[in-house]
Amino acid sequence: MSKPTGGQPRLSDADRALEVVEKNTDTSWAMFQAITDAQERGFEKTRPTGLDAQRGAREAPAIVTLDDVLVEVRRNNRVCPMPTVWVRIHALLPNKPPHMPGVPATRDEWSRTPSLQKRAHLREHIAWAAAQGVLPQIHEVLRALPETKWHHMGE
């Protein structure tokens, strides 16, 4: 040990090392045996979940939330449905206000509208469907669309 200028002895790394002494080997051995026995017994058998295995994995939840639908429409980096499909979905929205954006229907409108703006318009349509009580129906239509009927980021 060396003494620093403050008068207190400074411990070296060797002085700080702890010495471990096992005092009760029977207890340690019993704990080791218990762990080994548990490992050899293995895991409990899997219990059935109660879910119907015949139903589809992507079946709609009983109560559809706005977040559920937004997660679905953003899956696989989706932007929005392709124009012909989106026009049909837009037509399902009741009581549309005049300020609600429409669907970019012509090729020129489609090509000039950035993907993020298309996604924002779709989000507005979905929020309106939720406000009008038709969100579950819109969700079903969107979930049923094959991936080829979606416009994706970068396309």
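**Student:** How should helix α6 (residues 115–132) be read in this particular structure?
**Tutor:** With 18 residues, α6 extends 26 Å from end C-alpha to end C-alpha; this agrees with the ideal 26 Å at 1.5 Å per step. Of the positions making up α6, those classed as buried are Ser115, Lys118, Arg119, His121, Leu122, His125, Ile126 and Ala129. Mapping the buried residues of α6 onto a view down its axis gives an arc of 160°, with all of them on the same face. Turned more than 90 degrees away from the buried face of α6, the exposed residues are Leu116 and Ala131. Lining the buried residues of α6 we find α3 (66–74), β1 (78–81), α4 (83–91), α5 (107–112), α7 (135–144) and β2 (150–152). Positive phi appears at Gly133, one or two residues downstream of α6, with a value of about 80°.

**Student:** Is there a simple way to explain α3 in this structure?
**Tutor:** In an α-helix, one turn spans 3.6 residues, which is why side chains three or four residues apart end up on the same side. Inspection of α3 places Val69, Leu70, Glu72 and Val73 among the buried residues, and these make up the whole buried set. Taken down its axis, α3 places every buried residue within 160° of arc, on the same side. Exposed and facing more than 90 degrees away from the buried side of α3 are Asp67, Val71 and Arg74. Buried positions along α3 lie against β1, α6, α7 and β2. Backbone geometry just downstream of α3 places Asn76 in the positive-phi region, at approximately 60°.

Conventions adopted
Residues numbered from 1 in each chain as written. Predicted model: local features only at pLDDT ≥ 70, side-chain atom pairs only at ≥ 80, totals over all residues. Heavy atoms only, no water. Helix = DSSP H or I, 4+ residues; strand = E, 2+ residues; numbered from the N terminus. Expected span 1.5 Å × (residues − 1). Buried < 20%, exposed > 50% of the residue type's maximum accessible area, 1.4 Å probe, protein only. Arc of directions from axis to C-beta. Contact = heavy atoms within 4.5 Å.

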